[in-house]
Amino acid sequence: MEIALVGIGKIAVDQHVPAINASPDWELAATVSRNGSVPGVPAYTDFTALLAERPEIRVISLCLPPVPRYAYVAEAIRAGRHVMLEKPPGATLSECHALEALATKHRVSLYATWHSRQAEQVAAAKAFLAAAPLKRLEVRWREDVRYWHPGQDWIFEPGGMGVFDPGINALSIVTEILPDPIHLTGAELGCPENKQTPIAAEMDFFHPQGAKVSAHFDWLAQGTPEWTIEAETEAGHMLLENGGAKLTINGAAPESAPAGLTGEYPRLYAQMAELVQAGGIDMDLAPMRHVADAFTLGRRVSVAPFHW
Ligand code: NAP
């Protein structure tokens, strides 16, 4: 199937283009970006022009930041195209619900991707926790924003979500691997006094069986990043590290290696191919609900100004 990629920036170049090029399902038929392009691929700067001039391209993958996303998705759906969304699927929950309704109305597929859920050991962690009553779960997501998001001013603007831009990846894993639903009971958001979004966050959650569930996000951590989810259960200790790539249960790695495709983005594109062929919508907003709850319930604490 031919696919067009919109928003040629960091994640498009780092992950989407290699995944599409390596996939037996997809051919990168065009890009849309005001400044970016991919060598050898027809480049458009205007999305409306692409939709009008390339009716044979039935699928659009959007890699824009969340705030400008809604207008692009709505236009693509109205033009009868299937759409794949980078995380987070939108700037607000309401616009995501509106897009889901629009996709249903126009009978196109819509896939809100959560790339971290495709990390190598997430399924194994989920399988362990399914049979291991939880006592405690702690998320530690600490990285250096200057290294991982160099110069991306949009992340500190309203809708950019700040430290929740990476933090939502952790929440996407937590909401996938925990058998029980959790909800936020309190949060503290460290907001630089010259920015609109938090650079650090502490979150506490209610767990129906009384387990202590918390998350700690820090965007000023120097050195090696930490993307860890640690759990104490009645069946022992689970450590999910490297953003879901490494799993240790009671001190040992699980025995069987996962089969099938390797890599988060190749898996996402394989799933999009299946979704388009089968028809349907995959729009799980659970990770985003927790972020919205943190902005609703969280206590803001002013911290030192941030400069790149
Ligand atoms: P980015 O490089 O800052 O932006 C992607 C591209 O979107 C830009 O190069 C720009 O292309 C276009 N764009 C930016 N603002 C726009 C606007 N207002 N209107 C229209 N186009 C605009 O961001 P990114 O890091 O690739 O992230 C994009 C999305 O992927 C985000 O939702 C992010 O959470 C997600 N993501 C990022 C990473 C990562 O490591 N960076 C990892 C996973 C997921 P033109 O200037 O050429 O139009």
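Refer to the preceding data block for the structure.
The structure contained in this document is the topic of the report that follows. (Residues numbered from 1 in each chain as written. Predicted model: local features only at pLDDT ≥ 70, side-chain atom pairs only at ≥ 80, totals over all residues. Heavy atoms only, no water.)

### What to know about the overall build of the protein chain
We apply this condition: Comment: elements are numbered from the N terminus, with helices defined as DSSP H or I runs of at least four residues and strands as E runs of at least two. Radius of gyration here uses only the C-alpha atoms, and the compact-globule reference equals 2.2 Å multiplied by the residue count raised to the power 0.38. When accessible area is computed with a 1.4 Å probe and restricted to protein chains, residues below 20% of their type maximum are described as buried, those above 50% as exposed, and intermediate ones as partly exposed. The contact criterion used is simple: two residues touch if any of their non-hydrogen atoms lie within 4.5 Å.
Secondary structure summary: the protein chain contains 9 helices and 15 strands in total. Relative to its length of 308 residues, the protein chain is compact, with a C-alpha radius of gyration of 20 Å against a globular reference of 19 Å. Across its three principal directions, the C-alpha atoms of the protein chain cover 55 × 50 × 35 Å. When each of the 308 residues of the protein chain is scored for burial, the buried share is 52%. At a minimum sequence separation of 6, the contacts of the protein chain that also span at least 24 residues come to 72%.

### Some remarks on the pairing of strand 12 (residues 236–241)
Just so we agree on the cut-off: Here, strands pair whenever DSSP counts at least two bridges between them.
Among the 6 residues of strand 12, 5 are classified as buried, and the element is accordingly described as predominantly covered. Two elements, strand 11 (residues 226–233) and strand 12, share 5 bridges in a ladder whose sense is antiparallel. Bridge pairing links alanine 231 to methionine 238 in strand 12. Between strand 11 and strand 12, which pair antiparallel one after the other, the connecting turn spans 2 residues. Of the pairings in the sheet, the one linking strand 12 to strand 13 (residues 246–249) comprises 4 bridges and is antiparallel in character. Residue pairing across strands places leucine 240 opposite leucine 247, the latter belonging to strand 13. Linking two consecutive strands that pair antiparallel, namely strand 12 and strand 13, is a turn of 4 residues; a positive phi of about 50° is found at asparagine 242 within it.

### A short note on the nonpolar core
Put simply, the test is: By convention a nonpolar core is built from buried Ala, Val, Leu, Ile, Met, Phe, Trp, Tyr and Cys residues, the set being connected through side-chain atoms within 4.5 Å. All domain edges in this entry derive from an automatic or database-based domain assignment.
Leu50, Phe164, Met203, Phe217, Ile229 and Met238 are the most contacted members of the largest nonpolar core, which totals 77 residues. The greatest single-element share of this core, amounting to 7 residues, is contributed by helix 7 (residues 164–177). Counting only domains with at least three residues in this core, you end up with domain 1 (2–112) and domain 2 (119–257 + 291–303). Core analysis: the next-biggest nonpolar cluster, separate from the first, contains 22 residues, Ile3, Leu5, Trp26 and Met272 among them.

### Here we look at helix 9 (residues 286–297)
Rules: By definition here, a helix of n residues has an expected span of 1.5 Å times n minus one.
Between the first and last C-alpha of helix 9 there are 16 Å, a value that for 12 residues agrees with the 16 Å anticipated at 1.5 Å per step. Of all the positions in helix 9, only Ala286, Pro287, Met288, His290, Val291 and Ala294 are classed as buried. Its buried side turned inward, helix 9 meets helix 4 (93–106), helix 7, strand 8 (183–192) and strand 9 (200–206).

### Section: the layout of surface pockets
Put simply, the test is: Any residue with an atom within 4 Å of a point lines the site, the site being either a cavity, points on a 1 Å grid over the protein atoms alone where a 1.4 Å probe fits but cannot get out, or a pocket, an open set with protein on both sides within 12 Å along at least 5 of 7 lines. Grid points are joined across faces, edges and corners, and a volume is the space filled by probe spheres set on the points. Under the scheme applied here, ten amino acids are nonpolar (Ala, Val, Leu, Ile, Met, Phe, Trp, Tyr, Cys and Pro), four are charged (Asp, Glu, Lys and Arg), and all others, including Gly, are polar.
Taken as a whole, the largest pocket holds about 1,100 Å³ of empty space. What lines the largest pocket is a set of 40 residues, and nearest its centre among them are Lys10, Ile11, His149, Gln152 and Asp165. Put simply, the parts of the chain that give the lining of the largest pocket at least two residues each are helix 1 (10–22), helix 3 (66–78), helix 7 and helix 8 (264–278). Tallied by class, residues from the lining of the largest pocket come to 17 nonpolar, 14 polar and 9 charged.

### Some thoughts on the sheet that holds strand 3 (residues 43–44)
Heads up, the condition is: Whenever a helix is involved, its axis is fitted only over the stretch in contact; in every case the axis is a line through C-alpha atoms, and angles between N-to-C directions fall within 0 to 180 degrees.
The 7 strands lie next to each other as 3-2-1-4-5-6-14, forming an open sheet whose pairing is parallel. With one partner strand each, in any of the chains shown, strand 3 and strand 14 (281–282) form the two edges of the open sheet. Together, strand 1 (2–6), strand 4 (59–62), strand 5 (82–85), strand 6 (110–112) and strand 14 form the strand contacts of helix 8, whose direction differs from that of strand 5 by roughly 155°.

### With respect to the site of the ligand
Formally: Whether a residue is near a molecule or strand depends on its heavy atoms: if one lies within 4 Å, it is near. Counted as a polar contact is a pair of N or O atoms within 3.5 Å, where, for protein atoms, one must be capable of donating a hydrogen and the other of accepting one, and residues adjacent in sequence contribute only when both atoms are in side chains. Reported accessibility uses the Shrake-Rupley method at a 1.4 Å probe radius. Residues are deemed covered only where the shown protein chains occlude them. To qualify as sitting in a cavity or pocket, a molecule needs more than half of its atoms within 2 Å of the grid points.
Lining the immediate surroundings of the ligand are 24 residues, of which Ser33, Arg34, Asn35, Lys87 and Asp165 lie closest. Between serine 33 and the ligand, the recorded distance is 2.6 Å, taken from a side-chain N or O atom to an oxygen atom. Separating an oxygen atom of the ligand from a backbone N or O atom of arginine 34 is a distance of 2.8 Å. When the ligand sits alone it has 870 Å² of accessible area, and the protein chains cover 83% of it. More than half of the atoms of the ligand fall within 2 Å of the grid points belonging to the largest pocket. Counting residues per element, the ones that place at least two in the shell around the ligand are helix 1 and helix 3.

### Some words on the pairing of strand 2 (residues 27–32)
Note the following rule: Whether a crossover is right-handed comes down to one check: with the strands pointing away from the viewer, does the path from the first strand over the helix to the second run clockwise; if it does, it is right-handed.
Burial analysis of strand 2 places 5 of its 6 residues in the buried class, which makes it a mostly covered element. Where strand 1 and strand 2 come together, 5 bridges link them in parallel fashion. From the neighbouring strand, leucine 5 faces strand 2, where its bridge partner is threonine 31. In this fold, strand 1 hands off to helix 1, which returns the chain to strand 2; that crossover is right-handed. Sheet topology places strand 2 next to strand 3; 2 bridges connect them, and they run parallel. Residue pairing in the sheet places valine 32 in a bridge with tyrosine 44 of strand 3.

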